[in-house]
Amino acid sequence: MAEPYLSATAMRGGYGKADILNGCTLNVDKGQIAVIVGPNGAGKSTAMKAVFGMLNLREGAVTLGGEDITRLTPQERVHKGMGFVPQTHNIFPTLTVEENLEMGAFIREDDYRETMEQVYHLFPAVADKRNQNAGELSGGQRQQVAVGRALMTRPQLLMLDEPTAGVSPIVMDELFDRIIEVARTGISILMVEQNARQALEIADIGYVLVQGANRYTDSGKALMADPEVRRTFLGG
Amino acid sequence: MDILNAIVAILNFVVIPAAAYGAQLALGALGVTLIYGILRFSNFAHGDTMAFGTGLVILVTWALQAMGISLGPLPTALLALPIGIALASVFVLGTDRAVYRFYRRKKSEPIIFVMASVGVMFIMNGLTRLIVGVDEIRFDDGARFLINVQDFKAWTGLAEGLAFRVSQAITLVVTALACWALFRFLNRSRSGKAMRAYADNEDLALLSGIDPERIVRLTWIIATALAVTAGTLYGLDKSFKAFNYFQILLPIFAAAIVGGLGSPLGAVAGGFIVAFSEVAVTYPWKKIATYLGFQPEGLLQLLSTEYKFAVSFVILIVVLLFRPTGLFRGKAY
Amino acid sequence: MSNTRQAEASSRWRAPVIFLLIVALFVLEGTTRNALFSGSWNSALAILNMGLISAVMALGVNMQWGYAGLFNAGVVGFLALGALGPVVISTAPVQGAWAAGGPRVLLALVVGLGTLAVATQVWKRVREPFNFIAMPAILILGFVLYRMVFDPAVMAIEANNSASAGNIGGLGLPVLLAWPVGALFAAAAAWGIGKVALGLRSDYLAIATLGIGEIIVAVLRNEEWLARGVKNMSGIPRPVPYELDLQNDPDFVARAAHWGVDIATASGIWVKLMYAGLFGLVLLALILLAELALKSPWGRMMRAIRDNETAASAMGKNIKGRHLQIFVIGSAVIGLAGAMMVTLDGLLSPGGFNPLRYTFLVWVMVIVGGSGNNWGSVLGAVLIWFLWIKAEVWGPELMNLVTMPLPDGALRQHLLESAPHMRFIAMGLVLLLVLRFAPRGLVPEK
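**Concerning the overall build of chain C**
Point 1. In terms of regular secondary structure, chain C is built from 18 helices and zero strands.
Point 2. Referenced to the eigenvectors of the C-alpha coordinate spread, the extents of chain C come out at roughly 75 × 60 × 50 Å.
Point 3. Each of the 446 residues in chain C was classed as buried or not, and the buried ones make up 46%.
Point 4. Restricting to contacts in chain C with at least 6 residues of sequence separation, those with at least 24 account for 81%.

Below, the structure is given as structure tokens:
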């Protein structure tokens, strides 16, 4: 089997003295959609933040495209091809949509207009409002702007922290559709989600975390079909 | 009913002085609001930054005058202004490096920054006294009037005269230019947008690769440039007296808060609101009321001019009571 | 508050050591005569007296900052209100002043305050769109009424014997009675300001108090009917004997001769000693009360609120009410200091109320002394005051030394002349250094 594009192995660590992650491993191949689900407090967001470098790991390693990035800061990882969409406060509210995208491309030194057009193509609802302040948009549109902002650096791996938190079911479907579109362009997706059922439906690979460690790992379909997983996490 | 004379009197005694004062307050408030929005604290040393910078401008002006350089009808101080700004910026960047950076790294409470700014205020106050002393200084030269009272009366044949001083005209022009340049910078340039982004959402800005120290440096330089310009224009218009610059801190803060702390547009609006209120409330309206046909008993002066800044204080309290985020929805943090 | 690199263990000895240091400085000032010290006990005691008053100020400010985290940038205003106490209560009555306009001024004040009260009630009780119209209307009406009553009354008072009086005069009561009254004036103003500005972000409170300080001082400067404005108000009575009276008292003369001190110096020293004793007593009483309060359940609650406001508020504590309490009490103490100060000086000169000198210098005292610690604030106040006064002498001396190698000329002259201003720079540096390297002050909070 080919080397996975992102490989985070045996991660152990937390924010302070107590460990939240206890030997968690995540792998994502190119163009795959990987979803992390699990009960509250399982360490899902923590695992993703660890992959992004927002907390120090006591043990474990993270490689991206074969390169060891365990020691790199988040900004450096962005340079290496990671994109991150935080759960909250993920846009610049008093900047226009277009300016938000411009800020997303801040570290790029080349002409990013083509990328911007691609983002607008991906999110047509947002393209209409490109000169409006991002803070005035609806919840779902704001999330689209947030994802678009992260896409401006043309990342190889896009990480999303609970992108559908607090949005209505219709908006959630729309968002997931967009995420599938993004993955189709060859970008790997790593996503933490509370709405486990809907997320696993679109997942190529699903990681169920419990107390900071891997509990079940399988394709999204397989996990959905597994009665054990269904009973414990998906409400039957 | 003598409408023409009434209009001229209003222009001469209320509108023109208030507009000039409003422009000066706007520049000062812009600096305060930028520092609040980006560095997230109220800079109590801003008034003394204005005084210190203006002091430097005065020294350079004297040097230029001694060398025989002048700007014709315009005040020589305008030539000295860029040099004064550069020197003051160096000092202010120094204070950031020596004082504020430490607390930024520690993520201290905003009130600690305010206290530190009190220390910086003392130092700048002392330095200003050192370089230009505490006495009143007049450093304007060149032509005084664009339109003077006698000429106006001769042209129009009206009883009321209109005086439009060169310093007032310069204030309005320079302020307009400065505001145009600032808004263009903030809205069109990459660095300006980065500053706005940083003020909006610091974590996301850092994530986007924006260099925080660069933003901080830019903020201090721009705020200092605005402060020194405001101080110089104020000193040209009235005169330079170090204590006045401490007193003007209150109207400047009031202007920034009225407009919405963190909103540059608000700062400009707030500056004019405060200035016009101050002038309108302390002006004796008797003369104009007489022109309009009334026979008023007293001077019709709401408050004596000694209480000018009580007006900005009342405006401040009203805003804090009813709409703390200000007109343009600044940050209340 | 900020973390500290200071060792906890040393805190027990700090206060006594610093106290001894301060005593040593004063003794030096009184005895040695050289470039640094004057060798005059009169001078030392004068500095001590003002230092004790500054200590009371610092105590009040420390209550507001240390117990409640409130940054009061208008200390000078509350000081000035306190100074009004002796003026209004203890100075001699002015013939004809009361008759000229006294009752009308009181009526005007009633109208003014009444308007505010009615307006507030209207705002709260009248329905939504109407109160937007009703409240400003009432305020405007009230203001016009107030001016109609106030202006002629004030003009009459000021016209009455305007050369040597022109003010409303005092009640002629003993001056010690006036001190609590001064504190009351300051407390009343603090209540009003606190009601409006507390509960806002801390720098909003700072700006609001900055404004109120300036306004109060402006009122004193301009309302000549109150305290003669810039014409200054002298003849404020004192609780201790006058030097001249002592000099004419044969008993005192005899004792001075016995001590071998000349009569002028002796009378000066004796008066200052008496003041020092009086101020010292007041200070000790205040510290005692403050320490008791701190250790009481009320004090513990205040500190709990300060250390974790969200938690305290979740537990149901009325934060705004408590902050108001502290703000008022602290301001009352500051007012008391103002009353004491004007008694010591014997005269009120509103032009001298400079915010930098009063508000911000006191802040340096509190930060240096140890915010949150009462003894620390007191020691810090006396120490900083001593340094501030001596800096006027030491600055030029230092400047002399520094400019010695320079040739005589404009530069040297200018530097020497500006030496007294160095103390502003020195104070700023002291504040910044203490804030950074010893943020808990000389005597940290226990």
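**Overview of the overall build of chain A**
Point 1. Scanning chain A from N- to C-terminus turns up ten helices and ten strands.
Point 2. For chain A, the spread of C-alpha atoms along the three principal axes comes to 45 × 40 × 35 Å.
Point 3. For chain A, restricting intrachain contacts to residue pairs at least 6 apart in sequence, the fraction spanning at least 24 positions comes to 68%.

**A word on the interface of chain B and chain C**
Point 1. Taken together, the contact pairs 36 residues of chain B with 35 residues of chain C.
Point 2. The leading source of residues in the side of chain B that touches chain C is helix α4 (residues 110-132) of chain B, at 16 residues.

**Focus on the sheet that holds strand β2 (residues 21-28) of chain A**
Residue and element names in this part refer to chain A.
Point 1. The strand order across the open sheet built from four strands is β2-β1-β4-β5, with neighbouring strands paired in antiparallel fashion. Each of the sheet's edge strands pairs with one partner strand only, and the pair in question is β2 and β5 (67-68).
Point 2. Sitting on the sheet, helix α1 (residues 44-52) is in contact with β1 (6-13), β2 and β4 (57-64), with an inclination near 65° to β2.

**Section: the domain arrangement of chain C**
Residue and element names in this part refer to chain C.
Point 1. Domain annotation for chain C reports domain 1 (11-93 + 169-437) and domain 2 (94-168).
Point 2. A separation of 33 Å is found between the C-alpha centroids of domain 1 and domain 2.
Point 3. Taken together, the seven residues of domain 1 in the interface contact nine residues of domain 2.
Point 4. Partitioning the side of domain 1 that touches domain 2 into residue classes produces four nonpolar, one polar and two charged.

**What to know about helix α6 (residues 175-197) of chain C**
Point 1. The first and last C-alpha atoms of α6 of chain C sit 33 Å apart over 23 residues, in line with the 33 Å expected at 1.5 Å per residue.
Point 2. One or two positions beyond α6 of chain C, positive phi appears at Gly199 of chain C, with a value near 90°.

**With respect to the sheet that holds strand β8 (residues 188-192) of chain A**
Residues and elements named next belong to chain A.
Point 1. As summarised here, the arrangement of the six strands in space is β6-β7-β8-β3-β9-β10, forming an open sheet in which the pairing is mixed. Edge positions in the sheet fall to β6 (82-85) and β10 (213-218), since each of these pairs with one other strand and no more. Shown here is a sheet whose adjacent strand axes are inclined to one another by a mean of 15°, direction ignored.
Point 2. By the bridge criterion, five bridges tie strand β7 (residues 157-161) to β8 in an arrangement that is parallel. The residue of β8 that forms the bridge with Leu157 is Ser188.

**Side note on the pairing of strand β9 (residues 205-210) of chain A**
The side chains of a regular strand alternate, residue by residue, between the two faces of the sheet.
Residue and element names in this part refer to chain A.
Point 1. With five of six residues buried, β9 is to be regarded as a mostly interior element.
Point 2. Two elements, strand β3 (residues 33-37) and β9, share four bridges in a ladder whose sense is parallel. If you follow Ile36 over to β9, its bridge partner there is Tyr207.
Point 3. Sheet topology note: the β9/β10 ladder contains five bridges and is antiparallel. Its bridge partner lying in β10, Val210 is registered against Ala213.
Point 4. The turn linking β9 back onto β10 is made up of two residues, and Gln211 within it adopts a positive phi angle of 50°.

**Remarks on the interface of chain A and chain B**
Point 1. Chain A puts 16 residues into the contact, and the matching count from chain B is twelve residues.
Point 2. Considering each element in turn, the side of chain A that touches chain B owes the most residues, four residues, to helix α3 (residues 97-104) of chain A.
Point 3. When its residues are assigned to classes, the side of chain A that touches chain B shows nine nonpolar, five polar and two charged.

**Brief notes about the arrangement of the chains**
Point 1. Ranked by contact count, the leading pair among the two pairs of chains in contact consists of chains B and C.
Point 2. The two partners chain A and chain C share no contact, and the minimum distance between any of their C-alpha atoms is 18 Å.

**So, the pairing of β6 of chain A**
All names here are of chain A.
Point 1. The alternating pattern of β6 places Met82 and Phe84 and Gly83 and Val85 on opposite faces, both of which are buried.
Point 2. In terms of strand pairing, β6 meets β7 through four bridges, oriented parallel. Bridge pairing in β7 links Val85 to Leu160.

**A few points about the nonpolar core**
Point 1. Counting residues in each nonpolar core, the largest one holds 318 residues, and the members touching the most others are Ala34 and Met159 of chain A together with Val56, Met57, Met340 and Val364 of chain C.
Point 2. A domain split of this core shows at least three residues from each of domain 1 (11-93 + 169-437) and domain 2 (94-168) of chain C.
Point 3. With residues up to four places along the chain from it excluded, the contact list for Val56 of chain C reads Val282, Leu283, Leu286, Val333, Leu336, Ala337 and Met340 of chain C.

**Remarks on helix α16 (residues 374-403) of chain C**
In an α-helix, one turn spans 3.6 residues, which is why side chains three or four residues apart end up on the same side.
Point 1. The terminal C-alpha atoms of α16 of chain C lie 41 Å apart, and with 30 residues this matches the ideal 44 Å at 1.5 Å per residue to within 8%.
Point 2. The largest bend along α16 of chain C measures about 45° and falls at Ala391 of chain C.

**Here we look at unusual backbone geometry**
Point 1. At Arg154 of chain A, a residue that is not glycine, the phi angle is positive and equals roughly 50°.
Point 2. Examined against the element boundaries, Arg154 of chain A turns out to sit in the loop between α6 (139-151) and β7.
Point 3. In this structure, Arg40 of chain B takes a positive phi of about 65° despite not being glycine.
Point 4. By secondary structure assignment, the location of Arg40 of chain B is in the loop between α1 (3-39) and α2 (46-66).
Point 5. Judged by the 17 C-beta atoms lying within 10 Å of it, Arg40 of chain B is partly exposed.

**Considerations on the confidence of the model for chain C**
All names here are of chain C.
Point 1. Averaged over every residue, the pLDDT of chain C is 84; residues scoring 70 or more account for 97%.
Point 2. Across chain C, element-level confidence peaks in helix α14 (residues 319-345) with a mean pLDDT of 92 and bottoms out in helix α13 (residues 309-314) with 74.
Point 3. Per-residue pLDDT stays below 50 along residues 1-9; that stretch engages in nine contacts with residues further than four places along the chain or on separate chains.
Point 4. Here the complex is predicted with pTM 0.88, and the ipTM for its interfaces comes to 0.88.

**Overview of the packing of α4 of chain B against helix α15 (residues 355-369) of chain C**
Point 1. Between α4 of chain B and α15 of chain C, whose axes approach to 11 Å, the crossing angle comes to 125°. Between α4 of chain B and α15 of chain C, the interaxial angle falls into the category oblique. In terms of crossing hand, the pair formed by α4 of chain B and α15 of chain C is left-handed. Judged by residue contacts, Met115, Val118, Phe122 and Asn125 of chain B of α4 of chain B engage Leu356, Phe360, Trp363 and Ile367 of chain C from α15 of chain C.

**Some remarks on the environment of Leu158 of chain A**
Residue and element names in this part refer to chain A.
Point 1. Topologically, Leu158 is positioned in strand β7.
Point 2. Judged by C-beta crowding, with 23 C-beta atoms within 10 Å, Leu158 ranks as buried.
Point 3. A sequence separation of 33 residues divides Leu158 from Met191, and the C-alpha atoms of the two residues are 8.2 Å apart.
Point 4. Beyond its immediate sequence surroundings of up to four residues, Leu158 is in contact with Gly83, Ala150, Leu151, Val182, Ile187 and Ile189.

Rules of the game
Residues numbered from 1 in each chain as written. Chains lettered and ligands numbered in written order. Predicted model: local features only at pLDDT ≥ 70, side-chain atom pairs only at ≥ 80, totals over all residues. Helix = DSSP H or I, 4+ residues; strand = E, 2+ residues; numbered from the N terminus. Buried ≥ 20, exposed ≤ 12 C-beta atoms within 10 Å, placed from the backbone. Contact = placed C-beta atoms within 7 Å. Pairing = 2+ DSSP bridges. Axes fitted to C-alpha atoms, helices over the stretch in contact; angles between N-to-C directions. Domains from an automatic or database assignment. Nonpolar A, V, L, I, M, F, W, Y, C, P; charged D, E, K, R; others polar. Expected span 1.5 Å × (residues − 1). Core = buried A, V, L, I, M, F, W, Y, C linked by C-beta atoms within 7 Å. Bend = angle between axes of the 7 residues up to and from the residue. pLDDT = per-residue confidence, 0-100. Parallel < 35°, antiparallel > 145°, perpendicular 65-115°, else oblique. Left-handed = near helix turned anticlockwise from the far one by under 90°.

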